[in-house]
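Secondary and tertiary structure notes
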Amino acid sequence: MTPRVVRTAAELRALEGTIALVPTMGALHDGHVQLMKHARPLAETLVASIFVNPTQFAAGEDFGEYPRTWDDDLQRCEEAGVDVVFAPEVATMYPAGLVDQVTVDPGPLGSILEGEQRPTHFRGVLTVVAKLFGLVRPDVAVFGEKDYQQLALIRLMADALCLDVEVVGCPTVREADGLAMSSRNRYLTADERVRAVALSQALDAGVAAGSDGPEAVRAAALARLTDFGVVPDYVAVTSPDLGQAVPGAARLLIAARVGKPRLLDNRALTLGPDALGHAPEGS
Ligand code: PAF
């Protein structure tokens, strides 16, 4: 069934039963469809939001050219069993006079990794997600693990601000060659698309070196990126909650520009001790 498109808080208030929310910025791909399919059985009503959030883009970033693919997005929502598409106007999310009056401070976790590269990004993300939670009032909200730091921060915000919503993460969906699906992949030229596989291959190499400790993981990942001529913004080995890496469960995260788009990817891994037998600092 074609999803109902709603644009206002009043229309959302009329929804009945339990609600699952999948927040998106549109330009939907199979990764989003998987999030929606995962969310479908979690509540009676499945809402997908489509809103290109201006406050999470810094000046000079791609807000203006971010792909807007409305007809295709609606079709994908229908395919995934979405009941309601919430597609607000900017003024609904940012009423005149209230923009920047009150925002969500992401705290220390928001200033490392992506936050170091894009200092205002997570403030914009958390602020819009808090607004979406307030408007849609979901029981559960589903996000992709591809944006791992974003997922960690949204979980933290939901706990810290007592938002009473269960935040669920879903595994990254990949193209056949391993590239993590992303709306920004459509910016890649044919040549860049070939080189973009560097990130997932670097993750594979890093994960395979896990038993030799974090430095070996970073070295293996960097070597693979270098093979493709890709210079990363960061290759980081952390604990699963993005703290200092210690032997055992860990996360490997990579960000790199391949041509115009900046690509992110990450994988879980298991770390052994480093060559000296102790756990070095997370990178
Ligand atoms: O991941 C995204 O698409 C966006 O950051 C989100 C969570 C929809 C907030 O605008």
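To keep things clear, this report deals only with the structure shown in the data block.

Rules behind the numbers
- The written sequence of each chain sets the order in which its residues are numbered from 1.
- Where local features are concerned, this predicted model is filtered to residues with pLDDT of at least 70; where side-chain atom pairs are given and counted, the filter is 80 or more; whole-chain, interface and lining totals use all residues.
- Calculated side-chain values reflect all of the structure's heavy atoms, with hydrogen atoms and water omitted.
- For this description, a residue counts as near a given molecule or strand if any of its non-hydrogen atoms is within 4 Å of it.
- N or O atoms within 3.5 Å of each other form a polar contact, as long as, within protein, one can give a hydrogen and the other can take it, and as long as residues adjacent in sequence are counted only when both atoms are side-chain atoms.
- Every accessible area reported is derived by Shrake-Rupley at a probe size of 1.4 Å, with residue values counting cover from the shown protein chains alone.
- Three classes are used, and their members are as follows: Ala, Val, Leu, Ile, Met, Phe, Trp, Tyr, Cys and Pro are nonpolar, Asp, Glu, Lys and Arg are charged, and the others, Gly among them, are polar.
- Only DSSP runs of H or I reaching four residues or more are called helices, and only runs of E reaching two or more are called strands; each is numbered from the N terminus.
- Exposure is judged per residue with a 1.4 Å probe applied to protein chains only, and the accessible area is read against the type maximum: over 50% gives exposed, under 20% gives buried, and values in between give partly exposed.
- Residue contacts are counted whenever heavy atoms from the two residues lie within 4.5 Å of one another.
- Space inside and on the surface of the protein is sampled on a 1 Å grid over the protein atoms alone, with a cavity defined as a set of points where a 1.4 Å probe fits but cannot get out and a pocket as an open set with protein on both sides within 12 Å along at least 5 of 7 lines; lining residues have an atom within 4 Å of a point.
- Grid points are joined across faces, edges and corners, and a volume is the space filled by probe spheres set on the points.
- In this scheme, strands are said to pair when DSSP sees at least two bridges between them.
- A fitted line through C-alpha atoms represents every axis, and for helices the fit uses only the stretch in contact; the resulting angles, taken between N-to-C directions, go from 0 to 180 degrees.

A short note on the site of the ligand
- All residues adjacent to the ligand are Pro23, Thr24, Met25, Asn53, Gln56, Val128, Phe143 and Gln150.
- Between the ligand and Gln56 there is a distance of 2.6 Å, counted from an oxygen atom to a side-chain nitrogen or oxygen.
- At 2.8 Å, a side-chain N or O of Gln150 approaches an oxygen atom of the ligand.
- In isolation the ligand exposes 290 Å². Once the protein is present, 89% of that is buried.
- Classifying every residue of the shell around the ligand by side-chain character gives four nonpolar, four polar and no charged.

A short note on the side chain of Thr24
- Tracing the backbone shows Thr24 in strand E2 (residues 19-24).
- Relative accessible area serves as the criterion here: at 7%, Thr24 is assigned to the buried category.
- Reaching out from Thr24, the side chain makes a polar contact with the backbone oxygen of Ser49 at a distance of 2.8 Å.
- The residues contacting Thr24, other than those within four sequence positions of it, are His32, Met36, Ser49, Ile50 and Phe51.

Side note on empty space enclosed by the protein
- Here the structure, examined in full by the defined rule, presents one cavity of 30 Å³ or more.
- Lys146, Leu179, Ala180, Ser182, Asn185, Leu199, Arg262, Leu263, Leu264 and Asp265 are the residues that line the largest cavity.
- A total of four residues in the lining of the largest cavity trace back to one element, the largest contributor, which is strand E9 (residues 262-271).
- Tallied by class, residues from the lining of the largest cavity come to five nonpolar, two polar and three charged.

Considering the sheet that holds strand E7 (residues 232-238)
- Taken in spatial order, the three strands line up as E7-E8-E9 in an open sheet, and their pairing is antiparallel. Only two strands of the sheet have a single neighbouring strand rather than two, namely E7 and E9. Adjacent strand axes in the sheet meet at a mean angle of 10 degrees when their direction is disregarded.
- Its contacts with the sheet put helix H9 (residues 198-208) on strand E8 (248-257) and E9, and the angle it makes with E9 is roughly 15 degrees.

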